[in-house]
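# Structure at a glance
What follows is the residue order along each chain.
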Amino acid sequence: MTDPIADYLTRIRNAIKAKHRIVDIPASGFKKSITKILYDKGYIAGYRFDDSENKQGIIKVALKYHPVTKVPAIRNMRKVSKPGLRKYTDKDSLPRVLNGLGIAIMSTSRGVMTNKEAQKEGVGGEVVCYVY
């Protein structure tokens, strides 16, 4: 697999389209930090790191839907930085997703964070994906 983060996003998108409640994703440290951000920002209902099956582990993500209309909390997830073309931004030109309603997940020198947290910290970095 050349891009495990694209696989992570695709598994979540496919599970949302199929109206699944839980999706299993192979774990890594970077994917765990993205999952924590999605939970903190309210895009997923919950998560669990399961290390019992194999050495790598699995992330079990509980997807979030509206209780009445069944509309998913994640409308769209788009990969920005790809292996063939990395997208970097400095602290002065951080991306703004859906006029501030969405988030951009970034990999910075101070860890994985959202564009709003990066602006508070005053750091730039690689823009991984947009979520809204």
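Residues numbered from 1 in each chain as written. Predicted model: local features only at pLDDT ≥ 70, side-chain atom pairs only at ≥ 80, totals over all residues. Heavy atoms only, no water.

## Looking at the pattern of salt bridges
Note that side chains of opposite charge can pair when their charged atoms are close. Within the structure shown, the criterion is met by five salt bridges. Two residues, Asp 24 and Lys 60, come together in a salt bridge whose shortest N-O distance is 3.2 Å. A residue pair is termed long-range when its members are at least 10 positions apart, and Asp 24 in strand E1 (residues 22-26) and Lys 60 in strand E3 (residues 58-63) qualify at 36 residues. Among the salt bridges present, the one from Glu 121 reaches Arg 110, with a minimum N-O distance of 2.8 Å. (Salt bridge = Lys/Arg side-chain N within 4 Å of Asp/Glu carboxyl O. Helix = DSSP H or I, 4+ residues; strand = E, 2+ residues; numbered from the N terminus.)

## Digging into the packing of aromatic side chains
One pass over the structure, following the stated rule, counts two aromatic pairs. Plain terms: the ring middles of Tyr 39 and Tyr 47 are 5.3 Å apart, the flat faces sit at 75° to each other, and that makes the pair edge-to-face. Measuring from centroid to centroid gives 5.1 Å for Tyr 47 and Phe 49, while their planes differ by 45°, and the two rings are tilted. By relative accessible area, Phe 49 is classed as partly exposed at 27%. An aromatic cluster of three or more residues is present, and its members are Tyr 39, Tyr 47 and Phe 49. Over the aromatic face of Phe 49 sits the side chain of Lys 32, whose NZ or CZ is 5.1 Å from the ring centroid. (Phe/Tyr/Trp six-rings, centres within 6.5 Å; stacked < 30°, edge-to-face > 60°. Buried < 20%, exposed > 50% of the residue type's maximum accessible area, 1.4 Å probe, protein only. Lys NZ or Arg CZ within 6 Å of the ring centre and 35° of its normal.)

## Quick notes on the side chain of Asn 115
Within the element layout of this structure, Asn 115 appears in helix H3 (residues 115-121). Among residues more than four places away in sequence, those in contact with Asn 115 are Leu 94, Pro 95, Arg 96, Val 97, Ile 103, Ala 104 and Met 106. (Contact = heavy atoms within 4.5 Å.)

## Some points on helix H1 (residues 4-17)
Taking 1.5 Å per residue, 14 residues should reach 20 Å; H1 reaches 20 Å between its end C-alpha atoms and fits that length. Burial in H1 covers these residues: Ile 5, Asp 7, Tyr 8, Leu 9, Ile 12, Ala 15 and Ile 16. Contacts made by the buried residues of H1 are with E1, helix H2 (29-40), E3, strand E4 (77-79) and strand E8 (125-131). (Expected span 1.5 Å × (residues − 1).)

## Here's the deal with the sheet that holds E3
With antiparallel pairing, three strands are arranged side by side in an open sheet as E1-E3-E2. Of all strands in the sheet, those bounded by a partner on one side alone are E1 and strand E2 (44-50). Averaged over all pairs of adjacent strands, the angle between strand axes in this sheet comes to 20°, irrespective of strand direction. Against the sheet, H2 touches E1, E2 and E3, its axis set at about 155° to E2. (Pairing = 2+ DSSP bridges. Axes fitted to C-alpha atoms, helices over the stretch in contact; angles between N-to-C directions.)

## A look at the side chain of Asp 50
Checked against the element boundaries, Asp 50 lands in strand E2. Here Asp 50 is buried and forms no salt bridge, its nearest opposite-charge partner Arg 48 lying at an N-O distance of 4.6 Å. Leaving out residues up to four positions away in the same chain, Asp 50 has contacts with Gly 57, Ile 58 and Lys 60. (Lys, Arg positive; Asp, Glu negative; His and termini not counted.)

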